[in-house]
Every structure is written in structure tokens, then in C-alpha cells.
Amino acid sequence: MKKLTILLTAVLFSVTAAFSQPVSDSGVIPVGVTLNSILRLNITSGGNLEYVVNTIDQYTNGIAQNARYDTHFTVASSVDFDVTLTADAATFIGVDDATHTIPLDNLGYLVAPDAGATGVDGTNWNLQNTVIALSNAGTTIIDGNFPGLGAGDINQNAFVIQWRLGTNEGGGMNTSSLLQQSITSDRYVVNAIIELSQH
């Protein structure tokens, strides 16, 4: 009888084990990712331009582009971007007499990748790379219409604006020389605003 009890108990345990189900449990691990947008523009040199016209040759032919009149700037961006350039007034305005003005289109510029920049025009962004005149209407000088390729650091996105005054190089620049315009002597000023925005 004792053997029978032990046998029945063994059979009962084996049957119970055959019908038992594995036990499992789960837990939730919340995962969050925060991406902060980076859009930074830094003028590294040429943030203040001062043209002095004091010879008949300069009045006649203007002051050509040279390194002295270049504005260098960089962009660090986590997204594709555009850069616009806009004058804050419709004309240059006289400092001594605010009624004295010079048309903005006497000042022209061209935008190019800066020396050593790893970015490529037509691959990372499109540059406004022909000489045009300064305007208060706002001109897109860098168009980031290359999805995922414009975003980058300051080594990729380094640019130079090459300015010139009174040179009549086309692109909407004034077709009359400074001499032909017979401009009153004064110191004339305007602010050129470079604005960075997400494409």
C-alpha cells in the first residue's frame, strides 16, 4: 500500500508538471529623446565696413572687391538652413544731414565658400554667387535646398561676402558712376542684416 501511495503521488506530480505553464512578467522602460535645434550664425571678420571715396578714379570706377572689404561668417546648424541679406533702410542716409542719400544699388556683393570650407556649392547649399546689388527687399544668399546636406558645423558652413562699391558690375548695381551721380559730400550709413533661418 505504501508503494502504491508513493506511485500515485509520483504520477500526480508528473501530471501536474505536464500541465503547468511557464510564468513571465514584463516592465515598461520609458525612453525620451530631446533634440534641441541649433541655428547659429557668427560673423568672424568684416563686421564693419568703411569705404572712403577720395579720388576721381574711385568716383569714376568705384572701389573694387578686395580682402579688406570681405565679410567672413560661419553657420552651425542641426537642420538645413537659408541665409538672407537685407538692408535696414531704402537708401544710405547721410550722418551730417539725413536728407542726403545714396541709392543702395551702389553697393554690390558676391557670396562664396570661405577658404578651407568643407561644404560644396550645389551639394550642401546653393549660393547666390553672382554680383548683385544690396537691397532692402531681402535676398536669399544661401539656399539650403539639399535635404540633410546643409546641416553641419562651422567647418562645412563657412562663407565670405565679397563687397564692392560703385563698380557697376551688373546684377542690378547702379549703372551710373558715383561721379555721374554727383553725390553730396557726407558720411553715409546703412545696416546690412544677415539672417539665418531653417529651410
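Below you will find a few notes about this structure.

**As for the nonpolar core**
In terms of nonpolar packing, the biggest core is built from 30 residues, with Phe73, Val83, Tyr109, Ile141 and Ile142 touching the most fellow members. Within the residue set of this core, elements represented by two or more residues are β2 (70-77), β3 (81-87), β6 (107-113), β9 (139-143), β10 (158-165) and β12 (192-198).

**Things to note about the pattern of salt bridges**
In this structure the tally under the stated criterion is two salt bridges. Here Arg187 ties to Glu50 by a salt bridge, and the two come within 2.8 Å at their closest N and O atoms. Here Arg187 is found in the loop between α3 (178-181) and β11 (188-189), whereas its partner Glu50 is found in the loop between β1 (39-45) and α2 (56-61), with 137 residues between them in sequence. The salt bridge involving Glu169 is made with Arg164; its shortest N-O contact spans 2.9 Å. On the basis of relative accessibility, which here comes to 6%, the residue Arg164 falls in the buried class.

**Overview of unusual backbone geometry**
Residue Asn168 is not a glycine yet carries a positive backbone phi of 50 degrees. Looking at the secondary structure, you find Asn168 in the loop between β10 and α3. Phi is positive for Ser182, which is not a glycine, with a value near 50 degrees. Here Ser182 shows up in the loop between α3 and β11.

**Thoughts on the packing of aromatic side chains**
In the structure shown here, the tally under the stated rule is four aromatic pairs. Ring geometry for Tyr51 versus Tyr69: centroids 4.2 Å apart, planes at 10 degrees, classification stacked. Note that Tyr51 is positioned in the loop between β1 and α2 and Tyr69 in the loop between α2 and β2, a separation of 18 residues in sequence. By the burial criterion, Tyr51 is buried, and Tyr69 matches it. Site record: aromatic cluster; members linked through ring pairs are Phe73, Trp125 and Phe159.

Conventions we followed
- Residues numbered from 1 in each chain as written.
- Predicted model: local features only at pLDDT ≥ 70, side-chain atom pairs only at ≥ 80, totals over all residues.
- Heavy atoms only, no water.
- Core = buried A, V, L, I, M, F, W, Y, C linked by side-chain atoms within 4.5 Å.
- Buried < 20%, exposed > 50% of the residue type's maximum accessible area, 1.4 Å probe, protein only.
- Helix = DSSP H or I, 4+ residues; strand = E, 2+ residues; numbered from the N terminus.
- Salt bridge = Lys/Arg side-chain N within 4 Å of Asp/Glu carboxyl O.
- Phe/Tyr/Trp six-rings, centres within 6.5 Å; stacked < 30°, edge-to-face > 60°.

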